[in-house]
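Residues per chain, in single letters:
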Amino acid sequence: MKKHKGKFPMLHLKDRSIGTPGSNDGHGDVETNVVLGTGDVDIAGIIKEAKKQGTEYLTIEDESSRSVSQIPLSIAFIKSQLEK
């Protein structure tokens, strides 16, 4: 984001369980999706930079079987970060 300032009017946010191995093809086990801010992706840092750059939309992607219960918690996390 810092390298391409102003090019992110919308961001797609997804967090994964701590210790999840990376993949070269972007495909991983959807059950590793966790509530934003609880995994090993620096979601707080990404939201901070997005706010600084004027990103308008933050989209949550949670494909896990727990998404119905996790998404409200992810929304609360995003709101808490935007209020800082």
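In short, a report on the structure. (Residues numbered from 1 in each chain as written. Predicted model: local features only at pLDDT ≥ 70, side-chain atom pairs only at ≥ 80, totals over all residues. Heavy atoms only, no water.)

## A word on the pattern of salt bridges
To be explicit about the condition: Criterion for a salt bridge: a side-chain nitrogen of Lys or Arg within 4 Å of a carboxyl oxygen of Asp or Glu. Secondary structure elements are taken from DSSP: a helix is a run of H or I of four residues or more, a strand is a run of E of two residues or more, and numbering for both begins at the N terminus. Working definition: with a 1.4 Å probe on protein chains only, accessible area under 20% of the residue-type maximum means buried, over 50% means exposed, and in between means partly exposed.
Within the structure shown, the criterion is met by five salt bridges. One salt bridge in this structure joins K52 and E49, with 3.5 Å as the shortest N-O distance. Of this pair, K52 and E49 both sit in helix α1 (residues 43-53), three residues apart, roughly one helical turn. The class of K52 is exposed, set by a relative accessible area of 61%. One connected set of salt bridges, linked through shared partners, spans K14, E61 and E63.

## A closer look at α1
To keep it simple, the criterion reads: Picture the helix axis, draw a direction to every C-beta atom, and the arc is the one those directions span. Here, two residues are considered to be in contact whenever any of their heavy atoms come within 4.5 Å of each other.
Three or more residues of α1 are buried, namely I43, I47, E49, A50 and Q53. Angularly, the buried residues of α1 cover 165 degrees about the axis, an arc narrow enough to put them on a single face. Of the exposed residues in α1, the ones pointing more than 90 degrees away from its buried face are K48 and K52. Structurally, α1 contributes buried residues whose contacts are with β1 (10-13), β2 (15-16), β4 (57-60) and α2 (67-82).

## Topic: the side chain of T55
This is how it is decided: Polar contacts, as counted here, are pairs of nitrogen or oxygen atoms within 3.5 Å of one another; within protein the pair requires one atom able to donate a hydrogen and one able to accept it, and residues that are adjacent in sequence qualify only if both atoms are side-chain atoms.
By secondary structure assignment, the location of T55 is in the loop between α1 and β4. In this structure T55 comes out as buried when scored by relative accessible area, which is 16%. Separated by 2.7 Å, the side chain of T55 and the backbone oxygen of F8 make a polar contact. If sequence neighbours within four positions are ignored, T55 has contacts with M1, F8, P9, M10, L11 and A50.

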